[in-house]
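# Analysis of the macromolecular model
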Amino acid sequence: MSTDPSPRPVAPDQGGFALAMVVLLLFAIAVAGATGYQVVSTEAFQAQQSAELGQALAVAQGGLEWFIGAQRGFVPDTTTFNINGGTAVITTRKVATLSNEEDLYLVRSEGTFTDRRYPQIPAVRVASQYVAYKKVPFNIIAPVVTTSNRVRVMQYGDVNGMDHAYAGQCPGAPTAPEAGVVARSNVQAVGGGVISGNPAGLTLGNFANVVDSVGLAWDVYRDPTFPVDFDGTWPNFASIPSDSFPVIRRTGNFSPNWTRSGRGVLIVTGTLIIPDFSFWYWNGIVVAGDLQDVGQWGFWTLEGALVAGQGAAMSNWDMENGNIDYHSCYVRWAGYSLAHLSRVPNSWWEEW
Amino acid sequence: MRRSSSDRLGFTLVEALVAMLLSTLVVGLVTSVFLVQNEFYSDAVKKSALHESVRGAVTLVSSQLRGVASGGIVEAEADSVTYRTPLVIGGVCAVNAAETYLLLPMNGEGIDGADVSGYAVQDDTGTWTFTAATWASLYHSSGATPAQTCALVGADTTRALADFYRLDGLGASPPLQPGDLVMLYREMTLRLGTSGLDSVSTALFTGPAGGTLTEFASGLTPGSSFQYLLPHPDYWKNRVPGGNKDRILSIRFSAYGAVPSSRVGRDSLTFNLTATVPLRNVN
C-alpha cells in the first residue's frame, strides 16, 4: 500500500477542462456585450441622425429668417451663416421686376448640421421662400414732410419741390413735380421765404395722415437693433465708393456742422438742430424725430428730402434759412440703402 | 510487469463524476447567461426597431404636413389626413394670354409629372386656390426659351435655364400676372390602419390620395392618432369636417408604439412620440 503524500502528477492531456469552460464563458459574455453595444450604438446613431435632421431644418429655417429679417440694401447672390453649430447657405434668385419699387426674389436656405461623432454623414435640409424686395421702402411726396401743425419758410429759407435731378440721371426714378412742404394744418412762405412745388403747401389734416403718406418704418429705424451702416460713428466719405449712400444713425439730438456733410440716409432719433453758420450740406434723406427752428444764420443745404416727426406730432416749425431741394435720384439711391425683403405670405416649402 | 496504482493515468470514478458535475454546472451557467443575454439583445433589437419606426412615422408626418397651405387639407380624421403638399412653388415672370412663364426651382432636376396632382394660385391675401390637373395638361416647354422670356423682365437665369417653364392653361381669376405664385402640389394621404406585416399592430400608411397606400411604419398601437388645431374657441379636434378644414392651424400626430417583450412576464416595450406640426402656409 502506497503511503506517498506528494500530489499526483497530472498528465498533459488531463488539465484545462474547467479553464476551457471559463474561457468559453468569457467569450459568450464578450459576444453578448459586443452585440448589445452594437444594438445600442445603432439605436444611438439612428436617434442622432433623426435629431441632426431636425437640427439641419432648424438651421435652414434660422438662416432664412435671419437673412430676410436683417438684409438691407442690395440682395447678395449667396450668404453664409453659422447658426448653432450648423451652417446655412442662403442663395437668392431674382424672378421678376414687378415695378420700379419692387422685385420678386426666391430665397433658398440649405441648412447643414454635422455631428462631430459622424462627420462623414452631415444632415442637410432645404427650405425656400419667396420674398418681395422693396427697393424704396417709403413714399416721399415732398422735399419737406413734417407732422408740424404749421410750417413757415421765412427770410432766406427756400424749399423747392421741383426735381433737381437732371434728365436721365437715374432712369425709372419717380419724377417731379412734388409738393413743396407737407404739414398737418398750415404751410406758409413769409417774409422772403420761398416754397416751390405743386402744390407749394400740402396739409393733410392730422398726424396719422402725414405718417401714412410716407409709409416709413420710423419705429424700426430708430430701434437700436435695426442694423445701419454707421451707428454713432461717421463715415469717411472720401474712402467709400462714390455711389454708396450709407445709412447713418445718430441717437438723440444731432447738431451737424460742415464736417458732417455727405450723402445717404441720416436718421436722427432726437431733434435735428441746424446751428448758425453750420454750412452743412446733405445729399439724400434726413429722417428726424423732431426739428428745431432754423435761424436766419443757419446756412445749410439739403438735396433730397427731409422727413420729421414720424413718431410724435410736432408743434410748429420755422425755417429762416437754408435750401431744401427735392432730388429724385438722391431720394432713390438713399432709399436703396434701406431696401429690405418682405416675405410673400404662405410661400414657404421644403425640399425633400 | 504490473505498474503501481500511483503511476496509472486516467480518472477515478469520483474524479469523473466531479468533472461531469462541474462541467454541467458551467455549461448550465453559460447557457443561462447566454439565454438572458439573448433576451436582452432581442429586446434591444425590438426596441431599436420600434424607436426607428415611431421616429420615422413622426418625421414623415412632420415633413409632409409642414408646408401645407390653407385650403390644402382635404380630409381631416382621427386616423387619416389627406392633404395637398407643395411639390414646388413657382414665381410667375411673364404672362401672355394662356401662356405662363415661370421659375419652378427644382435645381435643374425637372419635375416628375406623376407627382403632380394639380396646381394652386395665390391671391392677394395669400390664400391658395387649388385646381386638379395633370402635368401633361399644363406643361408646354422648359429651358432656354422660357428662360429668355423671363430674362426680359429681369429674371436671373444664370445656371438655371432648366428651371424656367412655360405652362399653358393655368386658370386664375383675376388672370395671372408677373409676381404671382403658382404651386404645383401633390395630393397625399396618411392613414393609420392594421399592419399588413403584423395583424395585431397598427401601421402608418402613406401614398397618393385615392391610390395604393404603402405601409411605412408598423408597431404602432390603435391609440395613435391625428388631431387638429382650430382657432379659438375650438382648439384641438379629433376630426374636422366640412369647410372648417381651411381653418386648421396645426396638426398633432401622436405615435404610440408597443411590441411584446422577449422576456417572459415582462410588460411590452413602448415608445411614444408626439409632434405638433404648425402649417406654415396658413394665414
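Here the structure is a predicted model, which means the values were calculated and not measured. (Residues numbered from 1 in each chain as written. Chains lettered and ligands numbered in written order. Predicted model: local features only at pLDDT ≥ 70, side-chain atom pairs only at ≥ 80, totals over all residues. Heavy atoms only, no water.)

## Concerning the domain arrangement of chain A
All names here are of chain A. Counted only if it meets this: Note: domain ranges come from an automatic or database domain assignment. Two parts placed together each lose some accessible area under a 1.4 Å probe, and adding up what both lose gives the buried area. We define a salt bridge as a contact between a side-chain nitrogen of Lys or Arg and a carboxyl oxygen of Asp or Glu at a distance within 4 Å. Two N or O atoms count as a polar contact when they lie within 3.5 Å, although within protein this holds only if one can serve as hydrogen donor and the other as acceptor, and sequence-adjacent residues are included solely when both atoms are side-chain atoms.
Looking at chain A, the domain boundaries give domain 1 (43-134) and domain 2 (144-338). The C-alpha-based centres of domain 1 and domain 2 are spaced at 38 Å. Interface of domain 1 and domain 2: buried area, both sides summed, is about 580 Å²; carbon and sulfur atoms make up 48% of it. Counting across the interface, domain 1 meets domain 2 through one salt bridge. Arg 332 is the partner of Glu 101 in a salt bridge, and the nearest nitrogen-oxygen pair spans 3.9 Å. Across the contact surface, domain 1 and domain 2 share one residue pair in polar contact (both at pLDDT 80 or more).

## Let's talk about helix 2 (residues 207-214) of chain A
Residues and elements named next belong to chain A. Quick reminder of the rule: Buried, partly exposed and exposed residues are distinguished by accessible area as a fraction of the type maximum, computed with a 1.4 Å probe on protein chains only: under 20%, between the cut-offs, and over 50%, respectively. Helix and strand assignments follow DSSP, with helices taken as H or I runs no shorter than four residues and strands as E runs no shorter than two, numbered in order from the N terminus. The arc in question is the one traced by the directions running from the helix axis out to the C-beta atoms. By definition in these notes, contact holds between two residues if any of their heavy atoms fall within 4.5 Å.
Where helix 2 is concerned, the buried positions are Val 210, Val 211, Ser 213 and Val 214. Along the long axis of helix 2, the arc covered by the buried residues comes to 160 degrees, so they all point the same way. On its buried side, helix 2 packs onto strand 5 (144-146), strand 8 (181-183) and strand 16 (300-308). The N-cap of helix 2, judged by a side-chain oxygen 3.2 Å from the amide nitrogen of Ala 208 a few residues on, is Asn 206. The first or second residue beyond helix 2 is Gly 215, which carries a positive phi of 65 degrees.

## Digging into the state of the cysteines
Note the following rule: Our working definition of a disulfide is a cysteine sulfur pair at a distance within 2.5 Å.
Per the counting criterion, the structure on display carries two disulfides over all chains. Here Cys 170 of chain A pairs with Cys 329 of chain A through a disulfide, and the sulfurs are 1.9 Å apart. Disulfide Cys 170 of chain A to Cys 329 of chain A: torsion about the S-S bond roughly -95 degrees, handedness left-handed. With Cys 170 of chain A in the loop between strand 7 (158-160) and strand 8 and Cys 329 of chain A in helix 4 (residues 328-337), the pair connects residues that are 159 residues apart, well separated along the chain. Since its relative accessible area comes to 12%, Cys 170 of chain A is described here as buried. A relative accessible area of 1% means that Cys 329 of chain A is categorised as buried. Between the sulfur atoms of Cys 93 of chain B and its disulfide mate Cys 150 of chain B the distance is 1.8 Å. What sets the handedness of the Cys 93 of chain B and Cys 150 of chain B disulfide is the S-S torsion sign, and at about 45 degrees it is right-handed. Of this pair, Cys 93 of chain B sits in strand 2 (residues 80-96) while Cys 150 of chain B sits in helix 3 (residues 144-151); the two residues are 57 residues apart in sequence, bridging distant segments of the chain. Taken individually, Cys 93 of chain B and Cys 150 of chain B each receive the classification buried, so the pair is uniform in this respect.

## Comments concerning the pattern of salt bridges
Pairing is possible between side chains that carry opposite charge, provided their charged atoms lie close to one another. The final tally for this structure, using the stated rule, is 21 salt bridges over all chains. Here Glu 350 of chain A ties to Arg 125 of chain A by a salt bridge, and the two come within 2.6 Å at their closest N and O atoms. Residue Glu 350 of chain A is located in strand 19 (residues 340-351), and its partner Arg 125 of chain A is located in strand 4 (residues 123-134); the two are separated by 225 residues in the primary sequence. With respect to burial, Glu 350 of chain A and Arg 125 of chain A carry one shared label: buried. We note a salt bridge from Glu 350 of chain A to Arg 66 of chain B, for which the minimum N-O separation is 2.7 Å. Of this pair, Glu 350 of chain A sits in strand 19 while Arg 66 of chain B sits in the loop between helix 1 (13-65) and strand 1 (73-76), on two different chains. Each of the two residues, Glu 350 of chain A as well as Arg 66 of chain B, counts as buried. Overlapping salt bridges, with partners in common, bring together Lys 94, Asp 103 and Lys 135 of chain A in one network.

## Remarks on the sheet that holds strand 9 (residues 186-190) of chain A
Residue and element names in this part refer to chain A. Selection criterion: In short, DSSP must find at least two bridges between two strands for them to pair. All axes here are fitted lines through C-alpha atoms, helices being fitted over the stretch that makes contact, and every angle between N-to-C directions spans 0 to 180 degrees.
Pairing is parallel in the open sheet, where three strands are placed in the order 9-6-17. Pairing within the sheet leaves two strands with one partner each, and these edge strands are strand 9 and strand 17 (316-319). Direction aside, the axes of adjacent strands within the sheet are offset by 10 degrees on average. Examined bridge by bridge, strand 6 (residues 150-154) and strand 9 share five bridges and lie parallel to one another. Pairing of Val 151 across the sheet is with Val 187, part of strand 9.

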